[in-house]
Amino acid sequence: MSEIPAKATESEDPSEGARARAADGLASAVGGALAADGVRTGDAMWQSSPPGSIYDYIRVASFSIGPDGLVNQWSLRAEHLFGIPADRAVGMDPIEAFIDPRHRERGMRKMAEILDGREWTGVVPFRMPRGVEGECGHEGLAEVYVMPTRTEEGEKAAVCIVVDVRTLRTIETDLAASQAIFSQSPFGFLLIDPDLRVRRANQRFASIFGGTPDDHRGKGVHDYLQRGEAERVAATLRRVLETGNSITDMHVTGFVPGSDERRHWSVNLYRVHSGSGRPIGVAWLGTDITARRAAAREAAAARRNLALLNEAGARIGNSLDLETTARQLLDVVVPGFCDLATVDLYQGLLAGDETPPGLADGSAELRRVAFASAVSDAPFAGTGVPVAVGAVHHYPFNSPCADALRTARPQNVPGEDGGLVQSTLAVPMVAHDTVVGLVQFARTKGSEPFGDRDRDLAVELAARAAVCIDNARLYRREHERALILQRSLLPPGDPEASGLDIACRYLPGTVNTGRPSEVGGDWFDVIELPGHRTALVVGDVMGRGLRAAVAMGELRTAVRTLAQLDLEPAEVLSQLDEIARGLGAPGGVQQATRAARRPREADLSEVYLATCVYAVYDSVTRRCTFANAGHLPPVLVEPGEPALMLDVPPGMPLGVGGEPFEEVEVELPEGALLALYTDGLVESRDHPLDEGLQAFVSALSDPAHPSPGHHPSTTALRADSSQYLEDVCDHVLNTLDTHHGEDDIALLMARVQGLPTDSVGDWTLPREPRSVGRAREYARAQLLAWDMEPLVDTTELLVSELVTNALRYGEGEIRLRLLLDRTLVCEVWDSGLVQPRRRRARDTDEGGRGLQLVGLLSAAWGSRRTPRGKTVWFELPLPGGDTTLTDPAEALLSLF
């Protein structure tokens, strides 16, 4: 206003006095306002309007018109509004310059009225003069206030005040929109001044905190929030005022009047400025998110439970061991679901007893198999006296835990006063309608109590673990049965053999790893043969489980049967190959042979494959004959020499058929060490076969285990040799990687202790009747030399019978051999191929009782083929043993 020229001093308008009075009133009001702001009204000096006045928002300009109707004064605000500098505007005709040609005639009439001294107010459309840079042709709408004045010469003039209507309309619209947003907003809206006091509140805020919006003027955040929260919010408001950085989604917690429920709000804060940019406060926009927070907690709990179930599915049940499965359950739930947890399983379940179907009786004994704590290993005493892991206990009949076991329903057990535990969930472990145990989940005081969702989750976790434990129980039962079957098919105790010291080891996969696995088809055997010979067998049926164990038993039985027929090693493997081919065929060997010619039918038969090495050792000659069916080569360690693998042709595995087997004969020096083994000893996922074989050979060549050397064959020295073999077996198993548990391990080691020459009597007899008497003489003399006088009569009688048979039914020279070891063996050799056959003689027969007599007086007898004929033999126990000799007289009388 100070820019308007004050040249007009009087007016001829009748209303001039009224306008003067209104001006005086306005001046008086302004002066009062200034006085209120500390400005003295009597002073001649006026101060400028402070920032934030109305002129910061509206566009107001002024200019004056001279008596000639031309502009003679042009203010700075007019320059800003119209964009025309004063030097150009002065002298312009406002009607010609700013009024559209269509309205100029009317504008000229209004200008004449104004210069005639009349006051006029109205809305005038205008446009910028042509040639104005940036505003050429721009049209607008202005509200004009024209007040007549007089010049110093007394000529009529006018003062014009122009307001941009568009700005006014914009302000009006903005005010209406602001008012609508503020009052109709569904969110709590506050305007907080720089003193952190509420300047204005909307109805939504007032409906939450009570009263009317005006009742909240002047209040601070401490009037709504608790002290700690209020101080945090106040500090945030100051930071927003100082920095101008807005805050989004600030969570504020508090209470509303008349309610004890904790409420949560999401608050957005931003600084508010005046038109000149001066900060005038902070806008507060708050949303109640209590329900959303509750829903978010529920969703988070659901996601957590789902993640827990996923983790349980991934981690529980990876082992088929009962205790390991229980520990896996606790690893999942502690501390993600609870603070302490225990697992109790029925003692009978762990002992391998059958669990009766249906609901369990809570009075049975349980064993605590697992415990976990997230509270510094605090003892679990949520349901009574603490129970140590591994202890056997039972719950009282009326206790919640016994009730849970009895009814198969979870029970909530409250914690004791003064105790650590707040509450405990006792959940029965039910699998296939059978309760196998009880799991307890406990939360300590200060934790969130168990809810219905937690109960459902606990039941699901317990059920999953129960199914895994029941599967482990069933597998353990089947595995133990298969293992019992497999062990029953292996040689009992420590095998003994003539001229050999034997040591053996069998390790099923479960022993090394501590976790159950299927039994394999590995086996070994030591079979005593006539003539102080011994058959050594090691084999491996391909596959695992009960099927492999049964196949192994059938093959082992077949091997023992074939060995008693005294067949050559290659013949034994050929017969085993036929038997293995017939194991998977319903009709046996012949059906399998026919099916092999018809591939379509062969697909319907199960295929049994096995590897086997079969060796026959003669203690008299110390020669060993080997035959191999796809098995790993034997290893020989001669005294003072490194270990080496024998070059035995491997042949095809048993069950393949169609290929003959080769034999290799090796002379074993005295004190040599022979090792037969299966692939589980030398092969695993981490160690290939070549490395394992090399490690095995190196372990046998280890100088830390020297050979005992050559000693006379005494009982004490044989005991030392046996202990040496046991040490070598332990050394091999400790040196090699035998803890992989991927396959069974069978190891058979034999140390050569040949029959001494003074324990062998060998004579050749001509084919003549006198040879019978000579044979008796040779036998008597040898037995007396061996100090075996109690055996003389029986031996003479049986030798004469066998030599007589050789003379009557045999061919070629006759050979008599006596062998003394753990028993006395007599052998009569000849070149005939006809095997003797024992028959029962009739009472009227004069002969035919010789072999009957041999069978009555000897411990065992038989015949076998040799490359040059046959051998008939008998065996007698040594005096002083557990077996008593049969009286020859009584044996002769029993024949009649």
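My aim in this report is to walk through the structure given alongside it, one point at a time.

What counts and how
- Residues numbered from 1 in each chain as written.
- Predicted model: local features only at pLDDT ≥ 70, side-chain atom pairs only at ≥ 80, totals over all residues.
- Heavy atoms only, no water.
- Core = buried A, V, L, I, M, F, W, Y, C linked by side-chain atoms within 4.5 Å.
- Buried < 20%, exposed > 50% of the residue type's maximum accessible area, 1.4 Å probe, protein only.
- Helix = DSSP H or I, 4+ residues; strand = E, 2+ residues; numbered from the N terminus.
- Expected span 1.5 Å × (residues − 1).
- Arc of directions from axis to C-beta.
- Contact = heavy atoms within 4.5 Å.
- Phe/Tyr/Trp six-rings, centres within 6.5 Å; stacked < 30°, edge-to-face > 60°.
- Lys NZ or Arg CZ within 6 Å of the ring centre and 35° of its normal.

**Concerning the nonpolar core**
Within the largest apolar cluster, 48 residues are counted, with the highest numbers of intra-cluster contacts made by Leu329, Val333, Phe337, Val343, Met429 and Phe441. It is helix H13 (residues 452–488) that provides the largest number of residues to this core, a total of nine residues. Within the second largest apolar cluster, 30 residues are counted, among which are Leu783, Val854, Val872 and Phe874.

**A few points about unusual backbone geometry**
The linkage connecting Val334 with the following residue, Pro335, adopts the cis geometry, with an omega of 0 degrees. One can find Pro335 in the loop between helix H10 (322–333) and strand S11 (340–346). One non-glycine residue with positive phi stands out, namely His532, at about 55 degrees. Using a relative accessible area of 7% as the deciding quantity, one classes His532 as buried.

**Structural notes on helix H19 (residues 689–700)**
If you check H19, its first and last C-alpha atoms are 17 Å apart, about what twelve residues at 1.5 Å a residue would give, namely 16 Å. For H19, the complete set of buried residues consists of Gly692, Leu693, Phe696, Val697, Ala699 and Leu700. On an axial view of H19, the arc spanned by its buried residues comes to 160 degrees, and they lie on one face. In H19, the exposed positions that point more than 90 degrees away from the buried face belong to Asp690 and Gln694.

**A short note on the side chain of Asp540**
Inspection of the secondary structure assignment puts Asp540 in strand S19 (residues 533–544). Residue Asp540 is classed as buried on the basis of its relative accessible area of 9%. Those residues in contact with Asp540, other than ones at most four positions away along the chain, are Gly521, Asp522, Trp523, Leu609, Ala610, Thr611, His631, Thr678, Asp679 and Asp743.

**A word on the packing of aromatic side chains**
Throughout the structure, instances matching the rule amount to 13 aromatic pairs. The interplanar angle of 50 degrees and the centroid separation of 4.9 Å between the aromatic rings of Phe82 and Phe98 together place this pair among those described as tilted. Placement of the pair is Phe82 in helix H2 (residues 76–82) and Phe98 in helix H4 (residues 94–98), with a sequence separation of 16 residues. For the pair Phe82 and Phe98, one class covers both residues: buried. Taken together, Phe63, Trp74, Phe82, Phe98 and Phe126 form an aromatic cluster joined through their ring pairs. Directly above the aromatic system of Phe397 lies the positively charged group of Arg406, at a separation of 4.0 Å from the ring centroid. Above the ring of Trp829, the side-chain terminus of Arg864 is found at 5.8 Å from the ring centroid.

That is the geometry; function is a separate question.
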